[in-house]
Amino acid sequence: MFCLLGVQAVWAENASVVTIDACSGECQRAEPSTVATPARLQQKQIPIRRVGDLEKVSKRVVDLFAQQTTTPAIIQITGVKANPTDKGVEVILETDQGQQLQVINRSTGNNFIADIPNAQLRLPSGDAFTFRSEKPLTGITEIAVTNTDVNTVRVKVVGEKALPTVELFDDKVGLVFEITSAATAMQPPEQQETPQPEETIAQEDEPIELVVTGEQDGYNVQESTTGTRTDTPLRDVPQSIQVVPQQVLRDQQINRLDDALRNVPGVTQDFNSGPSLTYRIRGFEALNNNLLRNGQVDAGAGESVELSSVERVEVLKGPASVLFGLGNPGGSINIITKRPLSEPFYAIDATVGNYSFYRGAIDLSGPLNDSKTVLYRFNTAYRNSGSFIDFYNSEHFNISPVVSVAISERTNLTLDGDYIYTRDSGFTPFVPVVGSVLSNPNGKIPRHRNVGEPSDEINASLTRLGYQLEHKFSDNWSLRSAFLYNFRDYSDKRTLPGALQADSRTLNRSYREFDFESTSYNLSTNVVGKFSTGSIGHQLLFGVDLNSYENKVPSFRSATAAPLDIFNPVYGQLPGELGDEFINTTLTNSLGIYLQDQISLTDNFKVLLGVRFDAFDQKSEDFSANTESNLSDSAFSPRFGIVYQPIPAISLYASYVSSFTPGSGVFLFGGSLDNNIEPERGRQYEVGVKADLSDRLSATLAFYNLTRTNVLTEDPDNPGFQIQTGEQNSQGIELSLTGQILPGWNIFAGYAYTDARITEDNTFEVGNQLPNTPYHSFNLWTTYEIQMGELQGLGFGLGLFFVGDRAGDLDNTYDIPSYLRTDAAIFYNRDRFRVGLNFRNLFDISYFENGSSATRVNYGQPFTVLGTVSWQF
């Protein structure tokens with residue numbers, strides 16, 4: 001019963017031994033004289049308690065609560081190694097200064113399972129990791145060491161036909177699991193043979209598997225900071241979170257944010273404005289305050305994103321004001337960048353594709369001193385590509401250095417920066433609706449048509465500087481402070497489409513010269529503490545955010561451009577004379593104070609409580625009209641959630657969250673703020689279930705109802721201004737499945753049903769569908785890599801991306817048709833070398849990504865091939 005239920009922790013003392021009997025599964029104490037202990041472990045042997053000596057555990061709930069009155073410190077397991085022995089293999093869990101670990105036996109059937117409470121697998125750099133070894137020796141199918149939750153590590157040894165014999169030793173470096181083949185353990189001692197090297201590993205002294213890095217999350221990421229601002233397993237967060245990990249980015253050869261977000265159900269493209277895209281989450285726009293970088297509000301996070309320095313992309317569904325302040329209610333996109341590694345790491349990527357696509361990337365990391373207290377990471381990439389659109393060429397360069405300094409054992413400082421430059425020439429991807437989505441008597445507009453001018457040009461640069469400081473007062477209390485500076489400089493000279501004339505072929509156009517600058521400062525400081533009140537555990541978060549965001553338009557001038565025959569275009573005609581210059585600026589300052597408590601009433605019942613106070617003031621100056629307007633307001637944003645886990649693999653959750661957004665962006669050019677504008681509000685109710693189908697495969701099912709009030713939309717009767725149209729509602733279902741089905745076979749899939757509509761309005765018809773939001777969409781990406789034999793390392797990938805019919809504008813004047821895009825990949829991995837071919841839109845279907853008006857709808861990418869060679873050394 002002790003082995004099956006594991007109701008009492010056991011301390012493994014120095015050189016003491018616990019044997020799990022292969023026949024009965026009972027815990028037995030082996031006498032020192034009868035135990036084959038590795039030579040380096042035969043130092044001193046201290047007997048551990050027998051099962052009968054353990055205290056009896058009360059079955060009354062009140063007594064169980066009373067037995068847990070303190071929150072033990074979390075011990076970091078900084079490495080896992082496997083070495084051969086005369087009996088089989090030993091797995092070593094390395095801890096700082098050989099800290100002792102508790103072991104709870106949960107073995108069942110052929111599976112030896114040991115849970116280690118108050119511990120986490122975490123590299124010295126802070127990255128989580130996992131350890132696996134497939135078929136390390138005869139009779140053993142797998143050895144795995146994983147984080148099961150935020151404070152438990154599980155060691156699992158799977159026997160092929162019987163329960164393996166496992167002995168535990170304490171060593172000066174940590175805890176040692178001595179594993180004997182199940183087949184060997186069942187034989188009489190005189191018949192047992194020492195496994196030959198080829199039966200276990202290549203050489204006797206060579207480890208089966210070395211310590212893995214923090215980048216080996218695979219397809220199933222189990223922990224995130226986006227949902228709580230603390231390191232919390234996704235299964236313990238009462239809200240839907242989707243993580244696109246590094247391996248998916250690599251397998252799909254993704255180098256732009258929009259391609260990464262195709263893998264997230266409920267996220268769609270909204271508008272293509274040049275070097276960047278905007279998105280909708282659950283039907284609502286994800287604008288500046290919904291974009292995060294490493295958990296900090298970063299208005300430029302979605303601008304010109306080159307993913308060479310990005311580790312993964314996390315999407316929090318629904319309002320997040322209680323965590324990150326002002327923002328729209330649909331959700332938040334958090335871009336997690338690569339962190340320095342404690343071991344040398346060097347990688348080079350080279351990619352070539354059709355449409356003159358060329359890209360190179362370098363990723364370097366490692367220590368800068370012998371003591372490894374100063375680490376660095378350096379990412380840089382250059383991309384030059386053409387396009388299926390006539391005259392369009394894009395050039396991109398970025399450089400991203402990071403330095404991490406361990407000031408002391410409890411204090412760490414990370415300094416990082418980014419510089420991104422993008423140049424787009426001939427970029428006008430829009431075409432009129434009539435002739436593309438809708439029929440045109442003159443024919444169909446080809447998808448390569450450019451309705452601008454070959455001389456059009458966009459130049460954009462982005463500079464980021466920041467730091468993250470963490471100090472641990474103790475094992476349970478820490479202080480975190482982070483600062484981020486962002487400056488974006490944008491300029492363009494572009495020819496843009498206007499109305500289509502009555503002949504359905506002559507397109508009116510305008511020309512503009514536009515300069516834009518944005519500057520943002522973000523300072524975030526919080527304290528995280530773990531403590532107990534009686535039997536109830538708490539993880540408390542208290543913090544303060546200060547933000548300043550300024551938009552400047554130093555110059556905006558426009559003119560009438562020559563009309564264009566979209567079926568027989570003639571380019572090169574000069575625009576008319578430029579009009580008056582418009583100059584304006586908007587400055588928004590905000591303060592946020594938040595408090596959150598993650599409460600563990602029991603091991604399987606958790607409550608999340610949070611509240612935030614936000615205050616902002618906004619000042620707008622129109623220097624052309626010599627006017628000034630001011631706007632300010634404040635609000636409280638609550639959050640409540642519960643998680644119940646009837647069994648360890650299932651999490652049932654429910655939550656209520658809210659949002660608060662100032663009426664920013666009320667003017668476009670030449671307008672001014674209306675002092676009567678009220679902030680937008682959002683509230684969401686969500687219930688769902690999160691399931692670990694295995695230790696490598698997880699699923700999430702969410703049902704939500706999300707309402708947005710005081711909505712700002714563009715005023716159709718007064719261009720340049722916005723009005724508050726009333727209320728919009730989105731309700732739907734989302735399902736995701738991520739992880740490994742079988743060894744080598746991965747899956748990343750999702751489905752979303754989204755019913756997003758206008759529910760109250762004085763301009764648009766009630767019941768209209770919100771634009772670029774399909775009722776149905778799904779994504780499927782799966783890969784298989786051959787695990788053994790001469791073709792080991794050869795793999796294949798298949799992707800299906802379906803987007804249903806959706807409205808092209810808020811008036812619902814036209815629908816964008818559905819599409820099913822098929823992607824594929826073939827790749828080969830061998831040691832540190834990788835080569836891959838990725839095919840996008842394999843069957844070259846003609847489809848549309850998004851629309852915004854009667855003259856602006858965007859064709860999707862045609863058949864594209866990308867070939868990539870990667871080398872790590």
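Refer to the structure above for everything that follows.
I will try to describe carefully the structure that is included in this document.

Procedures and definitions
Residues numbered from 1 in each chain as written. Predicted model: local features only at pLDDT ≥ 70, side-chain atom pairs only at ≥ 80, totals over all residues. Heavy atoms only, no water. Helix = DSSP H or I, 4+ residues; strand = E, 2+ residues; numbered from the N terminus. Areas by Shrake-Rupley, 256 points an atom, 1.4 Å probe, with all protein chains shown as cover. Pairing = 2+ DSSP bridges. Salt bridge = Lys/Arg side-chain N within 4 Å of Asp/Glu carboxyl O. Core = buried A, V, L, I, M, F, W, Y, C linked by side-chain atoms within 4.5 Å. Buried < 20%, exposed > 50% of the residue type's maximum accessible area, 1.4 Å probe, protein only. Contact = heavy atoms within 4.5 Å. Patch = residues over 30% accessible without salt bridge, like charges linked within 9 Å, V, L, I, M, F, W, Y side chains within 5 Å. Phe/Tyr/Trp six-rings, centres within 6.5 Å; stacked < 30°, edge-to-face > 60°. Lys NZ or Arg CZ within 6 Å of the ring centre and 35° of its normal. Polar contact = N/O pair within 3.5 Å; in protein donor to acceptor, adjacent residues only side chain to side chain. Lys, Arg positive; Asp, Glu negative; His and termini not counted.

Digging into the overall build of the protein chain
The secondary structure content of the protein chain amounts to seven helices and 50 strands. Accessible area for the protein chain stands at about 35900 Å²; split by element, carbon and sulfur atoms hold 55% of it.

Digging into unusual backbone geometry
In this structure, Tyr355 takes a positive phi of about 55° despite not being glycine. In this structure, Asn626 takes a positive phi of about 55° despite not being glycine. Tracing the sequence through the fold places Asn626 in the loop between strand 35 (605-622) and strand 36 (627-644).

Observations concerning the sheet that holds strand 16 (residues 241-244)
Read across the open sheet, the five strands follow the order 16-22-23-20-21; overall the sheet is mixed. Strands with a single pairing partner mark the edges of an open sheet, and in this sheet they are strand 16 and strand 21 (296-297). As judged from the four bridges shared by strand 16 and strand 22 (residues 310-317), these two strands associate in the antiparallel manner. Residue pairing across strands places Gln242 opposite Val315, the latter belonging to strand 22.

Section: the environment of Asn508
You can see Asn508 is positioned in strand 32 (residues 506-533). Put simply, Asn508 and Gly498 are ten residues apart on the chain and 4.8 Å apart in space, counted from C-alpha to C-alpha.

Thoughts on the pairing of strand 37 (residues 650-661)
As paired strands, strand 36 and strand 37 are joined by six bridges and run antiparallel to one another. By the bridge assignment, Arg639 is partnered in strand 37 with Val657. Connecting the antiparallel pair strand 36 and strand 37 is a turn made up of five residues. In this structure, strand 37 lies alongside strand 38 (residues 680-692), joined through twelve bridges in antiparallel fashion. Residue pairing in the sheet places Ala654 in a bridge with Val687 of strand 38.

Re the sheet that holds strand 48 (residues 848-853)
Here three strands make up an open sheet; going across it, the order is 29-49-48 and the pairing antiparallel. The open sheet has two edge strands with one neighbour each: strand 29 (430-431) and strand 48. Summarising the sheet, strand 29 and strand 49 (residues 856-859) pair through two bridges and their orientation is antiparallel. Paired with Phe430 across the strands is Asn858, a residue of strand 49.

Things to note about the pairing of strand 43 (residues 794-803)
Across nine bridges, the pairing between strand 42 (residues 776-785) and strand 43 is antiparallel. Residue pairing in the sheet places Asn779 in a bridge with Phe801 of strand 43. Relative to strand 46 (residues 819-830), strand 43 runs antiparallel, the two sharing ten bridges. Bridging across to strand 46, Gly795 finds its partner in Phe827.

Examining the pattern of salt bridges
Tallied over the full model, the rule gives 42 salt bridges. Close ionic contact of Arg612 with Asp545 constitutes a salt bridge, the shortest N to O distance being 3.1 Å. Residue Arg612 is located in strand 35, and its partner Asp545 is located in strand 33 (residues 536-565); the two are separated by 67 residues in the primary sequence. Connected through shared salt-bridge partners, Asp270, Arg280, Glu285, Glu680 and Arg708 make up one network.

Observations regarding the nonpolar core
Counting residues in hydrophobic clusters, the biggest one holds 29 residues, and the most contacted among them are Val80, Val91, Leu93, Ile116, Val145, Phe177 and Ile179. Element by element, the count of residues in this core is highest for strand 4 (residues 75-84), at four residues. Look past the residues within four positions of Phe177 in its chain and what remains in contact with it is Val89, Glu90, Val91, Leu93, Phe112, Ala114, Ile116, Val155, Val166, Glu167 and Leu168.

Concerning the side chain of Asn746
Relative to the helices and strands, Asn746 resides in strand 41 (residues 745-760). By relative accessible area, Asn746 is classed as buried at 9%. When sequence neighbours within four positions are dropped, the list of residues in contact with Asn746 reads Tyr219, Gln247, Gly739, Gln740, Trp781, Thr782 and Thr783.

Details of a nonpolar patch on the surface
Together, Ile348, Ile362, Phe833, Val835, Val869, Trp871 and Phe873 line one region of the surface with nonpolar side chains, adding up to about 580 Å² of accessible area. Listing elements by their share of the nonpolar patch, those giving two or more residues are strand 47 (833-840) and strand 50 (864-872). Within the element layout of this structure, Phe873 appears in the segment after strand 50.

What to know about the environment of Asp815
Relative to the assigned elements, Asp815 resides in strand 45 (residues 815-816). The class of Asp815 is partly exposed, set by a relative accessible area of 46%. Sequence-wise, Asp815 and Pro771 are 44 residues apart; in three dimensions their C-alpha atoms are separated by 9.0 Å. Residues contacting Asp815, with those up to four places away along its chain left out, are Val437, Arg806 and Ala807.

Focus: the packing of aromatic side chains
For the coordinates displayed, the defined rule picks out 21 aromatic pairs. Taken together, the ring pairs in this structure connect Tyr490, Phe514, Phe516, Phe556 and Phe582 into an aromatic cluster. Positioned above the aromatic ring of Tyr704, the side-chain terminus of Arg282 is 3.9 Å from the ring centre. The cationic tip of Arg856 hangs over the ring face of Phe430; the distance from NZ or CZ to the ring centre is 4.9 Å.

Let's talk about the environment of Glu178
Here Glu178 shows up in strand 13 (residues 174-180). Overall, the relative accessible area of 1% leaves Glu178 in the buried class. Separated by 91 residues in sequence, Glu178 and Lys87 have C-alpha atoms that sit 8.2 Å apart. Among the polar contacts made by the side chain of Glu178, one reaches the side chain of Thr85 at a distance of 2.8 Å.

Some thoughts on the side chain of Arg639
The topology assignment puts Arg639 in strand 36. For the buried residue Arg639, which engages in no salt bridge, the nearest side chain bearing the opposite charge is Glu686, 8.6 Å off. For Arg639, the side chain forms a polar contact with the side chain of Gln596, separated by 3.5 Å. Leaving out residues up to four positions away in the same chain, Arg639 has contacts with Gly227, Thr228, Val237, Gln239, Val322, Leu323, Gln596, Leu608, Leu609, Gly610, Tyr656 and Val657.

All we've got here are geometric facts, nothing functional implied.
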